[in-house]
Amino acid sequence: MKKLAIFGALALSVLSLSVVAQEAKPIRLGIEAGYPPFSMKTPDGKLTGFDVDIGDALCAQMKVKCTWVEQEFDGLIPALKVKKIDAILSSMTITDDRKKNVDFTIKYYHTPARFVMKEGTDVKDPLTELKGKKVGVLRASTHDRFATEVLVPAGINLVRYSSQQEANLDMVAGRLDAMLADSVNLDEGFLKTDAGKGFAFVGPTYEDAKYFGGGAGIAVRKGDKALADQFSAAITEIRANGEYKKVQDKYFAFDVYGH
């Protein structure tokens, strides 16, 4: 009887250690690091940007350890599915199409899309005025989907890139006539840099929920409601306690959370 009790206590102890070890396992956050000011690298190779700081703030709020895993944007959802990462925090827009493959938290920011072209270019109706022109987009982004379904049928030539930085370089080199991307990313990551001199926004802003969804959220594997709810609660909490505003004010002079 005493042996049984000792064995039971040992089994319980091993089980407890296993649970602790499981709880201590870091959450692996997937990110594409070429999307300033949301994600980028310092000269010494350290990840930084709004997404990174928000992710760190959320993990601190949740009292969990998180690690960042770099991945090209179009490889993030496949990496999530095969469990190389546990969540995606990389300016991924919440759309019905993506919801077929992943589950999302509530949004953590929302900004519209816009075109950028050479300064002085006057474009009122991109669908007619950009016919025959080369337009660059980030592959697998909401802008890619919009461009594929709306711009290509209008006769606009689409060029897809693995990162926004690659598109920016081709724009400067004259290999593109225009770029379509998130307005804040284009403004902060291109137009306000030396490379972006001589370029400007053209045409209207795009916020159609069919293509541009309901803002950027954190993606988790299908059915991982517990992790999604944990992140959603933390987003609400850091917005209430002022941590969100601290991060926002570091990068933007406006409310990036949106309506």
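Scoring rules and cut-offs
- Throughout, residues of each chain are indexed from 1 in the direction in which the sequence is written.
- It should be noted that, the model being predicted, local features are given only for residues of pLDDT at least 70 and side-chain atom pairs only at 80 or more, the latter also being counted only at that level, while totals for whole chains, interfaces and linings use all residues.
- Computation of side-chain values covers all heavy atoms of the structure but excludes hydrogens and water.
- For salt bridges, the criterion is a side-chain nitrogen of Lys or Arg within 4 Å of an Asp or Glu carboxyl oxygen.
- Runs of E in the DSSP output that reach at least two residues are strands. Runs of H or I that reach at least four are helices, and both are numbered from the N terminus.
- Each residue gets one of three labels from its accessible area relative to the maximum for its type: buried under 20%, exposed over 50%, partly exposed in between, using a 1.4 Å probe on protein chains only.
- Between the rings of Phe, Tyr and Trp (Trp by its six-membered ring), a pair exists once the centres lie within 6.5 Å; its type follows the angle of the planes, with under 30 degrees stacked, over 60 edge-to-face, and the other angles tilted.
- For two strands to pair, DSSP has to find at least two bridges joining them.
- Between N-to-C directions, angles span 0 to 180 degrees; the directions come from axes that are lines fitted to C-alpha atoms, helices contributing only their stretch in contact.
- Pairs of residues are marked as contacts when any of their non-hydrogen atoms sit within 4.5 Å.

A.B. asks: Give a detailed account of the pattern of salt bridges, specifying residues and quantitative values.
C.D. replies: Applying the stated criterion to the full structure yields 17 salt bridges. Residue Arg28 is joined to Asp86 by a salt bridge in which the shortest nitrogen-to-oxygen separation is 2.9 Å. You can see Arg28 sitting in strand E1 (residues 27-31) and its partner Asp86 sitting in the loop between helix H3 (76-81) and strand E5 (87-93), a full 58 residues away along the chain. With relative accessibility at 23%, the residue Arg28 sits in the partly exposed group. The partner of Lys197 in a salt bridge is Asp194, with the nearest N and O atoms 3.3 Å apart. Taken together, the shared-partner salt bridges in this structure form one network comprising Arg28, Asp86 and Arg221.

A.B. asks: Could you give an account of the packing of aromatic side chains, with specific residues and numbers?
C.D. replies: Applying the stated criterion across every chain, the model contains 19 aromatic pairs. Each ring, one from Phe38 and one from Phe252, has its centre 5.7 Å from the other, and the planes form 40 degrees; the classification is tilted. Taken together, the positions of Phe38 in the loop between E1 and strand E2 (40-41) and Phe252 in the segment after helix H10 (243-251) put the pair 214 residues apart, joining distant regions of the chain. Across the pair, exposure class does not vary: Phe38 and Phe252 are buried alike. Both rings, one in Phe190 and one in Phe199, keep their centres 5.3 Å apart while their planes meet at 50 degrees; by these two values the pair is tilted. Both residues of the pair, Phe190 and Phe199, belong to the buried class.

A.B. asks: Please set out the sheet that holds strand E7 (residues 113-118) residue by residue, giving values where relevant.
C.D. replies: With mixed pairing, five strands are arranged side by side in an open sheet as E9-E8-E10-E7-E11. The open sheet is flanked by strand E9 (157-161) and strand E11 (199-206), the only strands paired with a single partner. Geometrically, the sheet is characterised by an average inter-axis angle of 30 degrees between neighbouring strands, direction not taken into account. Of the pairings in the sheet, the one linking E7 to strand E10 (residues 178-182) comprises four bridges and is antiparallel in character. Residue pairing in the sheet places Phe115 in a bridge with Leu180 of E10. Seen against the sheet, helix H6 (residues 164-172) touches E7, strand E8 (134-138), E9, E10 and E11 and runs at an angle of roughly 155 degrees to E10.

That's the geometry; what it means functionally is another story.
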